[in-house]
Amino acid sequence: MDKVIRSASTSAEEILEWAEERKLETCFDRAAKLKPCPIGETGACCRVCHMGPCRLIGKNAEKEAMGVCGATLPTVAARNLARMIAAGTAAHSDHSRDMANTLLAVATGETKDFQIKDAKKLYKVAGILGVEFEGRPVNDVAKDVAEIFLQDFGRQNGELNYCKRAPKKTQERWKKYGVTPRGIDREVVEMMHRTAVGVDHEADHILTQGLRTALADGWGGCMISTDISDILFGTPRPIKAEASFGIFKEDEVNLVVHGHEPTLAEAIVAVASKPEMVEYAKSKGAKGINIGGMCCTANEVLMRHGIPTAGGFTNQELAIMTGLIDALSVDVQCIMPAITEVSKKFHTKIITTSPKAKMYGAVHIEHNEHNPNKTAEEIIRLACDNFPNRKAEGSHITQKYPLIGGFSDEYIEYMLGGRWRASYRPLNDAIMAGRIRGVVGLAGCDNPRVPATGIHKFLVNELIKNDILIVSTGCGSAACASAGYLTPEMALENAGPGLREVCEAVGIPPILHLGACVDNSRILTIATNMAKEGGLSDEIGGMPAVGIAPEWMSEKAIAIGCYFAASGVPVIFGGESPVGASKEVTKIMTEVWMERFKGALHFEPVPEKMLELALKYIDAARDALKLRKYEPGKFGTDRVLMDMAARREIKAAAHTGVGGINES
Ligand code: BF8
């Protein structure tokens, strides 16, 4: 019998074999044992009241099946998808609210542990929000910005502040079809209301509010969170790091930060380097303190400090099985409750830190935005105290890969044009000339129901071979990083001739790691900048660009997919469709949304077909824009991208002292 491949990562597979010999269970085993319910999986199960659950099945279910109340399959499937959007939006946005409260606490001096690290970004945001910043103390500006952001959560009417950041034409479409978001909380609440028993029953009408809610996520929750994280902790710029299980050190205290929020993790990174903390670790027999990351908290501290990542979602139990993690500090989202069970077999302490999230079998050390350093110190000391309890038993994997991350949209603009000519022009030109065929946003989770990270790897290889520039986030980035794909060498070895030329000239990998899942908002900004630059589409819709989440599993991914679709990006998700039971709902998400917004949401389980569809969309957009037909190795004329040497010459000649993003 052929061996079942559970993960495309050789290190993960090694740990899984090690675990199997010891009868240790993981999400991969549970996924194999627990087949999804085929009725719920395709969106045909209604459980919004207690007359059910009603299962809308049968040969002609789309037309004939009904729940006890009379709800039809399109109603039920649309409601199920809409509730996923609402939950995903709530998750990103509640994280974002905490960021806004942290910014306010810093601005008012209630917390002294953080300062405004990127005043330039603060002023940029203040300018967008209409906050006066010239000649004012930084903290006064930050206070006004935080308060305006907080209003966006509870706004009852009007529109979110950041809607105006989108290209005019994109905004017009939103207005025309009634999806311009008002307040973030309002859209989530209305979505939950409208999908309760006996309220909104027309699938299209339900999903229109679904898109409005999703837009509140993308242009609200996610974008606000990204901006505040940059203001407080610094806007990312290219930075080296490492990925995979080999990041843990045998002779140091290994403390892992896992979840999504950057605040406590930032404090942990800062406090862990204090001499008294290092001394404390030494007093326990360790040589120092090694901070590692997991999932999106990892992405946050990787982007700004080069903290190494152990990988994405499916790696969390496996990381504990290395036997090397002394403490795993978790905040919110994508934390498997199973990790406390696994940790019992090892010495790892699981620490919950959010007032919103507790777990059976974990120690709770609560973080709040007023004194993060104190909590950080307590966690670090606990990790150090646990170092001597380390057992010899563990899979002790040593493989790790170098990577370059830290590509904010600001840095991409700078790297393309240089400090004094920062611009998206060279990217647009390269696309117009056919050097770059198009852009793919690769996002979303890794999933134990497929060979985990395997579809990411397949697509990335094929896409860059086809001269597609990839911008990646979340566990998509972690999957690429843990495969060693986030290096410039990846372009030299695997990219098509046009993309390779661009990557070589600029000195970048063909896959640009933009950060955590909330940083998908950076992709919205990049697409907006491309539209504003000219020469391609004058709105986000119609760009030779596609979003792909090949191994998604989270409701947050659905919210993200829908905000891209409503913003004008065709999106392809892997796996079975969660609304596959309804033809009407499927048609709305693909054909109707395409007509209205130039975006769509497809579900396609076959990787080769995902690739085919992505290329089809990209080439169709090129044709519609009357761009040069893409032919590998044959380019039209475009401006020559400046390499680093040429940029240095300009820099030497130019007058120094201009503020801006520092060159790394
Ligand atoms: O927010 S990609 S598994 S960790 S949901 Fe979760 Fe999915 Fe990872 Fe980050 Ni995004």
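For the structure itself, look to the data block above.
Residues numbered from 1 in each chain as written. Predicted model: local features only at pLDDT ≥ 70, side-chain atom pairs only at ≥ 80, totals over all residues. Heavy atoms only, no water.

S.K.: I keep staring at the site of the ligand and nothing clicks. Help me out?
M.R.: In the vicinity of the ligand, the residues found are His260, Cys295, Cys296, Phe313, Cys334, Gly444, Cys445, Cys475, Cys517, Met553, Ser554 and Lys556. In this structure, His260 approaches the ligand through a side-chain N or O atom, which is 2.6 Å from an oxygen atom. One nitrogen or oxygen atom from the side chain of Lys556 is found 3.1 Å from an oxygen atom belonging to the ligand. Of the residues contributing to the shell around the ligand, the split by class is eight nonpolar, three polar and one charged. (Near = heavy atom within 4 Å. Polar contact = N/O pair within 3.5 Å; in protein donor to acceptor, adjacent residues only side chain to side chain. Nonpolar A, V, L, I, M, F, W, Y, C, P; charged D, E, K, R; others polar.)

S.K.: Where do I start with the pairing of strand 6 (residues 327–330) in this structure?
M.R.: The side chains of a regular strand alternate, first on one face of the sheet and then on the other. In strand 6, alternate side chains face the same way, and those of Ala327 and Ser329 on one face and Leu328 and Val330 on the other are all buried. Examined bridge by bridge, strand 6 and strand 7 (residues 349–352) share four bridges and lie parallel to one another. Residue pairing across strands places Ser329 opposite Ile351, the latter belonging to strand 7. In this fold, the crossover linking strand 6 to strand 7 by way of helix 15 (residues 338–344) has right-handed handedness. (Buried < 20%, exposed > 50% of the residue type's maximum accessible area, 1.4 Å probe, protein only. Helix = DSSP H or I, 4+ residues; strand = E, 2+ residues; numbered from the N terminus. Pairing = 2+ DSSP bridges. Right-handed = clockwise from strand over helix to strand, strands pointing away.)

S.K.: Could you clarify how one ought to interpret the sheet that holds strand 13 (residues 545–549) in this entry?
M.R.: On the basis of which strands lie adjacent, the open sheet formed by six strands has the order 12-11-10-13-14-15 and parallel pairing. Two strands close off the open sheet at either side, each with one partner strand: strand 12 (511–515) and strand 15 (600–603). Shown here is a sheet whose adjacent strand axes are inclined to one another by a mean of 20°, direction ignored. Where strand 11 (residues 468–473) meets strand 12, four bridges bridge the pair, whose relative direction is parallel. In the strand pairing of strand 12, Thr473 is matched with Gly515. Packed onto the sheet, helix 23 (residues 520–533) meets strand 10 (438–442), strand 11 and strand 12 and runs at close to 145° relative to strand 11. (Axes fitted to C-alpha atoms, helices over the stretch in contact; angles between N-to-C directions. Contact = heavy atoms within 4.5 Å.)

S.K.: Just to check I follow, could you spell out the coordination of the nickel atom of the ligand for this structure?
M.R.: Tetrahedral coordination by four donors sets the ideal angle at the metal to 109.5 degrees; octahedral coordination by six donors sets it to 90 or 180 degrees. Protein coordination of the nickel atom of the ligand rests on one atom only, Cys517 (SG), at 2.3 Å. Looking at the element boundaries, Cys517 is found in the loop between strand 12 and helix 23. (Donors = N, O, S within 2.8 Å, 3.2 Å for Na, K, Ca; no water.)

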